[in-house]
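Given next are the chains, with one letter for each unit.
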Amino acid sequence: MKDFIRVETQHAVQFLKDGAVAGMEQEVRCAHEALENGTSEGADFLGWLHLPTSITPEFVADVKATAQTMRELCDVIVVAGIGGSYLGARAVIEALKNQFVELTPRILFAGNNISEDYLAELQDYLADKRFGIINISKSGTTTETALAFRLLRAQCEAQRGKDEARRVIVAITDAVKGAARTTADKEGYKSYVIPDNVGGRFSVLTPVGLLPIACAGMDIEALVEGAQEMEHLLRTAPMAENPAYQYAAVRNLLYRGGKKVEILANFQPKLHFIAEWWKQLYGESEGKNHLGIFPASVDLTTDLHSMGQWIQDGERSIFETVISIEQPEREVRVPSDEENLDGLNFLAGRRVDEVNKMAELGTQLAHVDGGVPCLRIVLPRLTERYIGQLLYFFELGCGISGNVLGVNPFNQPGVESYKRNMFALLNKPGYEAESQAIRERLGR
């Protein structure tokens, strides 16, 4: 497909029976139709399905205007959120920014852990900075994010005064209810709504992702355009030309054949957080009822010198999906060296990207020969537009794949288990019975 990301499946299909992928067409199409018709499990959370094409130029302009205000008033912007409330934004920002030049303003992330050292060091760093906060929480009571926001808000108000702090704190939260909404309305913060029918891990194309990405100076119009293009394509493309159908079909066939782990690999270190976002998207969507492919990731060639041995010769319960960037944004050629002590003169004059591409091809061949099915997702370039395509491709592929698997892709009941235990151990009001039971269990 011209000017689109593409999915190459031949090195995975060779591990399947002839005609197996074509034989999945009805199953995959029905799974997609269940999403489109609202008959899928979790149908209350399908707002992401046509989200890209619902985004208006006026909405994008408003987000950009808020971002510009933050950029003018802040040296640092802290994004407070956890899971889908920060991973999508961080994935896009890290993929597009220069790895060795700090953004202006600098974008930092908090509210995704409960490390006292992390928070103390963050507060120390911010002590002499003009900083603002983007607080992302539908409820406003998620422990990690609420705790970070409480600390940061107090510091921001102490350093800048309440009136100025009000101008640099933005809430992205529920439309009408919850602690974060109440605080935003009371304090007069600029706010955006997380749609009720969009779960956190599908929210990167809402203000949850778009505002931090715009604050980082990235082109959110191109990001949205790419997602819109992919939405149009996947809605109409036949099985053989539909990358989401192909991906969902192949990964489910491999799973049924005993491949229980999918490793998302890249040969471009900027994609590390794309993999982190993908792991949450697929892990939280499919890991239900003791089912689901376990999502893992590696950064190559780096991890070939650590995880490479296991991937090549370990238990054959894995398959690999490689994200490949066709054309890098920069050009570096290998110089000649008169002494040639490192033996690299055979590469003199050639581009570093050629070396990387041959490492990628050589790795793929080695892994396939070692019994690891390999899919390949190719982006023409690492730009906002193609990342927008990639994000929506993964989202629709996830919804379809979860339906094929037979789980509700849009809930996460298991996430609540640790919270109940933590609240009980902290003696949170309302958890007295659980607290007593846990303490008896622990012998305390």
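Everything that follows concerns the structure shown earlier in this document.
The present account deals with the structure reproduced in this document.

### Considering the overall build of the protein chain
For step 1, the next point in the chain: Regarding its fold elements, the protein chain presents 18 helices and ten strands.
For step 2, the next point in the chain: Relative to its length of 444 residues, the protein chain is compact, with a C-alpha radius of gyration of 23 Å against a globular reference of 22 Å.
For step 3, the next point in the chain: Within the span of the protein chain, comprising 444 residues, buried residues form 52% of the whole.
For step 4, the next point in the chain: In the form shown here, the protein chain has an accessible surface area of approximately 20,300 Å², with 51% of it arising from carbon and sulfur atoms.
For step 5, the next point in the chain: For the protein chain, the distance from the average position of its 46 positive side-chain charges to the average position of its 60 negative side-chain charges is 4 Å.

### Considering the pairing of strand 10 (residues 374-381)
For step 1, the next point in the chain: Within strand 10, seven of the eight residues are buried, which leaves it mostly tucked inside the rest of the structure.
For step 2, the next point in the chain: With three bridges joining them, strand 1 (residues 6-8) and strand 10 adopt antiparallel strand pairing. Residue R6 lies in a different strand from strand 10, and its bridge partner there is V378.
For step 3, the next point in the chain: Bridging between strand 9 (residues 318-327) and strand 10 involves seven bridges; their strand directions are parallel. Each bridged residue has a counterpart across the sheet, and for E320 the counterpart in strand 10 is C374.
For step 4, the next point in the chain: Once you follow strand 9 into helix 15 (residues 352-369) and on to strand 10, the crossover reads as right-handed.

### Considerations on the sheet that holds strand 6 (residues 190-193)
For step 1, the next point in the chain: Taken in spatial order, the five strands make up an open sheet running 3-2-4-5-6, and their pairing is parallel. Two strands bound the open sheet, and with one partner strand each, they are strand 3 (106-110) and strand 6. Strand-to-strand twist in this sheet, taken as the mean axis angle between neighbours without regard to direction, amounts to 20°.
For step 2, the next point in the chain: Contacts from helix 6 (residues 116-126) reach strand 2 (76-80), strand 3 and strand 4 (131-136) within the one sheet, and its direction differs from that of strand 3 by about 150°.
For step 3, the next point in the chain: Running over the sheet, helix 9 (residues 179-187) touches strand 4, strand 5 (169-173) and strand 6 and is turned about 145° from strand 6.

### As for helix 16 (residues 384-405)
For step 1, the next point in the chain: Between its first and last C-alpha, helix 16 extends 31 Å over 22 residues, near the 32 Å set by a 1.5 Å rise per residue.
For step 2, the next point in the chain: Here helix 16 lies mainly inside the structure; 21 of its 22 residues are buried.
For step 3, the next point in the chain: Phi for G406, located one or two positions after helix 16, is positive at around 95°.

### Points about helix 7 (residues 143-160)
For step 1, the next point in the chain: Taking 1.5 Å per residue, 18 residues should reach 26 Å; helix 7 reaches 25 Å between its end C-alpha atoms and fits that length.
For step 2, the next point in the chain: Those residues of helix 7 not exposed but buried are E144, T145, A148, F149, L152, Q155, C156, E157 and R160.
For step 3, the next point in the chain: Looking one or two residues beyond helix 7, the residue adopting positive phi is G161, at roughly 85°.

### Description of the pattern of salt bridges
For step 1, the next point in the chain: Under the criterion given, the structure shown has 31 salt bridges.
For step 2, the next point in the chain: One salt bridge connects E25 with R29, and the closest N-O pair in it is separated by 3.2 Å. Of this pair, E25 and R29 are both found in helix 2 (residues 25-37), four residues apart, which corresponds to roughly one turn of the helix.
For step 3, the next point in the chain: Note that E102 and R106 form a salt bridge whose closest N and O atoms lie 3.3 Å from each other.
For step 4, the next point in the chain: Several salt bridges converge on common partners, so that one network encompasses R153, E157, K162, D163, R166 and E187.

### Observations regarding the nonpolar core
The nonpolar side chains of a soluble globular protein tend to be buried, and buried together.
For step 1, the next point in the chain: One finds W48, F393 and F394 to be the most contacted residues of the largest nonpolar core, which totals 121 residues.
For step 2, the next point in the chain: Not counting residues up to four positions away in its chain, the partners in contact with W48 are L35, N197, V198, F202, Y392, E395, L396 and F410.
For step 3, the next point in the chain: In this structure, A265, I311, I318 and V368 belong to the second largest nonpolar core, which totals twelve residues.

Calculation rules
- Residues numbered from 1 in each chain as written.
- Predicted model: local features only at pLDDT ≥ 70, side-chain atom pairs only at ≥ 80, totals over all residues.
- Heavy atoms only, no water.
- Helix = DSSP H or I, 4+ residues; strand = E, 2+ residues; numbered from the N terminus.
- Rg over C-alpha atoms; globule rule 2.2 N^0.38 Å.
- Buried < 20%, exposed > 50% of the residue type's maximum accessible area, 1.4 Å probe, protein only.
- Areas by Shrake-Rupley, 256 points an atom, 1.4 Å probe, with all protein chains shown as cover.
- Lys, Arg positive; Asp, Glu negative; His and termini not counted.
- Charge placed at Lys NZ, Arg CZ, Asp CG, Glu CD.
- Pairing = 2+ DSSP bridges.
- Right-handed = clockwise from strand over helix to strand, strands pointing away.
- Axes fitted to C-alpha atoms, helices over the stretch in contact; angles between N-to-C directions.
- Contact = heavy atoms within 4.5 Å.
- Expected span 1.5 Å × (residues − 1).
- Salt bridge = Lys/Arg side-chain N within 4 Å of Asp/Glu carboxyl O.
- Core = buried A, V, L, I, M, F, W, Y, C linked by side-chain atoms within 4.5 Å.

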